[in-house]
Amino acid sequence: MSPKRFISPALVALLAFIALLAGPVAGSAQAATPPVKGAIGGLYYGNSAARSTLGQPVSGEIGGPNGAVYQEFANGRIYWSPKTPAMWVRNGGVHEYYKGRGAVASEFGMPMTPVTSYSQGTNGWYLKTYNPNTRAWHWITWSNEAGAVPVKTTGAIGSYWESHLSQLGYPLSVEACNGPICSQKFSRGQVTWSSAAGTHVVKNGFNAYYDRQGGVGGVLGGATVEESPLTAGGAQQTFLGADGARRTTIWHPRQGRVVLMKSDGAIYSLWRQLGAENSGLGYPTSSEISGLPSGGVYEDFDGGKIYWSPATGTQPIQWGPIFDEWARNGYERGSWGYPTSPSWQVNGTWNQNFQGGRASQAPNGTVTWTPRGANDDADLDKAMDQLASDDGFGSSGSALSQVFSGSTSAQYRRYPGGVVVTTAQYGPVAMDNHVFELWRSNAGPEGLPRSAKLTYGKVYTTFEKNALAYFPERGDLVMRTDTALSSGDSFIIGDSQTAKGGYNSWVVAGIRQAGYRTNAVYAMGGIGFTGDFSGVGYGTYRAGVVDNFWQLPAGDPSVVYIGGSGNDQWVYNNPAVIADIHTTLKKIKQAYPNSKIVMACPITKRTPDHNDRNALAALELQAAREEGVRTVDTRYWITDFHVENLLSDGIHMTPAGDAALAPHMRDAFAAATR
């Protein structure tokens, strides 16, 4: 029998205490609760909502890319990374989508908010995420209608949506792209983006029509402007397709449907020139219809039709006795042929020319048809030759030729010293050769020539809408003489910063407050020195000035102002923009040799998303100084003058913003023009 061993009671007590501190041994019936520590523990124990929602931890920390970790709980997770704070995310549709895409290893990166409820016409939820590697922000949203949908809020579409939640509602689809054009659907419309036109909303009837046409992959492409109202409840919106063609959708208020017109087409151009829906034609009721003789086409309107053919150009014909008689004679296929002029009235009688002659409608509605006569051309030649001789053009002209441009139907003869144009409405009118070529290329802005006068060797031609003359001494430009400027006047060229607020924009109001009259403003949203994203073909600064696409006002204003444009950022070719600035400023100095020339750069913020805009602004100011032009440096004004909360869309001013910035523009402009 072996001897008994004595165990000290003190040793037994010590061993029991150590066992108590160590807790249950592995493999025991009760598993250990995983510890919650560090930043994750700080959030879990410091946020009662997180702790009560998530419940008990069910795993330890699990590592991810770039040092990111997360920990599982009964009802969700807590995430943390070295570059982002700890954030808790409860289980549900949003979290399942996030996890299904790879969670911290996905394009979404790290959660930056809890799953949060929001109401945009549905009981929805969202989770904001940030990827430190790509610097991209997303919202992952959930709605009863669409389920989980992500929105990239550092993208153009998502950024617009985030600042217009109440207008657009919750997302219905992910962003889809077709080449350089993208769109995303929301419950109250959709947002399109293109490199050429930027970000715009499509809503209401235009939204449904856009979808029927194939959306971003259809013929319309992306919107170039917001929907704008027309008379009596109508509306319009222009789009730019992947094929480069611009198309305008017109909402017909009485028919309750959309009609598509070719924005670059001659019929649309004429309709606009005549007054659009406010003209006698009213709203369009059909798109372009082809298959007519000699390649002709037409469109129907409430009040008539517009025809186009290669031989006769674009001509309107309204409902009434002349139209009815033309129809009885077989329309364009009959002996009358296509219309060659609009209708006009003389002493109560309405007249309209056709290929085969002239129709005249008496006050009682009776229509008389006069076929073309054998001596008509000879008599006209004599009248034109006499006018040319009187104005010093010479007495021997070229053969009579036809002009068809816009709403005009005219004939002309060239002479050694100029051109004589004749129309049925106004008869023969003299023009300088340069004025004629400009008018012939696009007669819409001027209308028909009405009269002319010869003063000190220069021919001044008055048209229905303005007056023009050629100034070889001012950069070889055709300029407007009906808006000639003088001392005390300013001439302003700008983009949407000038156009959006009109007379009260911070640009125009500031120049006016500096003591200058501001009656001559050439401005349009979406344009710049090199880029034209206006959607209406307004033209770039360079084309408008150097190529004479715009007709600048004649005279000697005290100052000419050119606003640098942030739209040129989207050309993605800064050297081309700077070259166009030099070319444009040289021409302006020639056009206004006695005026002070002032150029500003694009207005900007002191934020990373404006780095490219600020870089372009610096280059623009440098180019202006190299041309000897005075400058107004508007970089950082949005930040420095604290108007961030007075913006309508992130870059343009509300009326309150215009009012707040105008005094700063006044002071800077006054300093530049001293």
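Refer to the preceding data block for the structure.
Computed from a predicted model, the values in this text were never measured in an experiment.

1. Some remarks on the nonpolar core
Here is step 1: Judged by nonpolar contacts, the single largest core of 31 residues is most densely connected at Phe-491, Leu-552, Ile-562 and Tyr-592.
Here is step 2: Top element by residues in this core is helix α15 (residues 574–591). It accounts for six residues.
Here is step 3: Apart from the residues lying within four places of it in its own chain, the contact partners of Phe-491 are Leu-485, Ala-520, Tyr-522, Leu-552, Pro-553, Pro-557, Val-559, Val-560, Tyr-561 and Tyr-592.
Here is step 4: Tyr-561, Ile-603, Val-643 and Phe-669 belong to the second-largest nonpolar core, a separate cluster that totals 22 residues.

2. Some remarks on the packing of α15 against helix α16 (residues 611–626)
Here is step 1: Orientation of α15 relative to α16, taken along the N-to-C sense of each, is 30 degrees, at an axis distance of 10 Å. The pairing of α15 with α16 is recorded here as roughly parallel in orientation. Of the two possible hands of crossing, α15 and α16 adopt the one that is right-handed. Along the contact surface, α15 presents Asn-574, Val-577, Ile-578, Ile-581, His-582 and Leu-585, while α16 presents Leu-616, Leu-619, Glu-620, Ala-623, Ala-624 and Glu-626.

3. Comments concerning the state of the cysteines
Here is step 1: For the structure on display, the rule yields one disulfide.
Here is step 2: Between the sulfur atoms of Cys-177 and its disulfide mate Cys-182 the distance is 2.0 Å. Disulfide Cys-177-Cys-182: torsion about the S-S bond near 105 degrees, hence right-handed.
Here is step 3: The buried category is assigned to Cys-182, whose relative accessible area is 7%.

4. A closer look at empty space enclosed by the protein
Here is step 1: According to the stated counting rule, one finds one cavity of 30 Å³ or more in the structure shown.
Here is step 2: Within this model, the largest cavity holds a volume of roughly 70 Å³.
Here is step 3: Lining the largest cavity are 13 residues, and of these Gln-497, Tyr-561, Gly-563, Gly-564 and Cys-601 lie nearest its centre.
Here is step 4: The residue inventory of the lining of the largest cavity, partitioned by class, reads seven nonpolar, five polar and one charged.

5. Things to note about the side chain of His-652
Here is step 1: Looking at the element boundaries, His-652 is found in the loop between α17 (637–640) and α18 (655–672).
Here is step 2: Classification of His-652 by relative accessible area gives buried; the value is 15%.
Here is step 3: Polar contacts involving the side chain of His-652 include one to the side chain of Ser-496, which spans 2.6 Å.
Here is step 4: Excluding anything up to four places from it in sequence, His-652 contacts Ser-496, Gln-497, Lys-500, Leu-646 and Leu-647.

6. Describing helix α13 (residues 506–513)
Here is step 1: Of all eight residues making up α13, six are buried, and the element is well covered by its neighbours.
Here is step 2: Those residues of α13 not exposed but buried are Trp-506, Val-507, Val-508, Ala-509, Gly-510 and Ile-511.
Here is step 3: In the core, the buried residues of α13 are packed alongside β34 (489–494), α12 (496–499), β35 (517–523), β37 (559–563), α17 and α18.
Here is step 4: Positive phi shows up at Gly-515, right after α13, with a value of about 110 degrees.

7. Notes on the side chain of Ser-183
Here is step 1: Position of Ser-183 relative to the elements: it lies in strand β11 (residues 181–186).
Here is step 2: Those residues in contact with Ser-183 that sit more than four places away from it in its chain are Ile-157, Val-174, Glu-175, Ala-176, Gln-190, Val-191, Thr-192, Tyr-210 and Val-216.

8. A closer look at the pairing of β37
Here is step 1: Burial analysis of β37 places five of its five residues in the buried class, the great majority of the element.
Here is step 2: Neither face of β37 is left uncovered, since the one carrying Val-559, Tyr-561 and Gly-563 and the one carrying Val-560 and Ile-562 both have all their residues buried.
Here is step 3: Taking the sense of rotation as the criterion, the β-α-β connection linking β37, α15 and strand β38 (residues 596–600) turns out right-handed.

9. Here's the deal with the sheet that holds strand β3 (residues 76–81)
Picture the strands of a sheet paired through backbone hydrogen bonds; they go either parallel or antiparallel.
Here is step 1: In spatial order, the strands read β1-β2-β3-β4; together these four strands make up an open sheet with antiparallel pairing. Single-partner strands in this sheet number two, and they are β1 (57–63) and β4 (84–90). Within this sheet the neighbouring strands show an average axis-to-axis angle of 15 degrees, counted without direction.
Here is step 2: Across four bridges, β1 lies against strand β2 (residues 69–73) in antiparallel orientation. Its bridge partner being in β2, Glu-61 is matched across the sheet by Gln-71.
Here is step 3: Contacts between helix α4 (residues 93–100) and the sheet are confined to β3 and β4, with β3 contributing the most and set at about 50 degrees to the helix.

So, how was this worked out
- Residues numbered from 1 in each chain as written.
- Predicted model: local features only at pLDDT ≥ 70, side-chain atom pairs only at ≥ 80, totals over all residues.
- Heavy atoms only, no water.
- Core = buried A, V, L, I, M, F, W, Y, C linked by side-chain atoms within 4.5 Å.
- Buried < 20%, exposed > 50% of the residue type's maximum accessible area, 1.4 Å probe, protein only.
- Helix = DSSP H or I, 4+ residues; strand = E, 2+ residues; numbered from the N terminus.
- Contact = heavy atoms within 4.5 Å.
- Axes fitted to C-alpha atoms, helices over the stretch in contact; angles between N-to-C directions.
- Parallel < 35°, antiparallel > 145°, perpendicular 65-115°, else oblique.
- Left-handed = near helix turned anticlockwise from the far one by under 90°.
- Disulfide = S-S within 2.5 Å.
- 1 Å grid on protein atoms, 1.4 Å probe; cavity = no way out; pocket = protein on both sides within 12 Å on 5 of 7 lines; lining within 4 Å.
- Points joined across faces, edges and corners; volume = space filled by probe spheres on them.
- Nonpolar A, V, L, I, M, F, W, Y, C, P; charged D, E, K, R; others polar.
- Polar contact = N/O pair within 3.5 Å; in protein donor to acceptor, adjacent residues only side chain to side chain.
- Right-handed = clockwise from strand over helix to strand, strands pointing away.
- Pairing = 2+ DSSP bridges.

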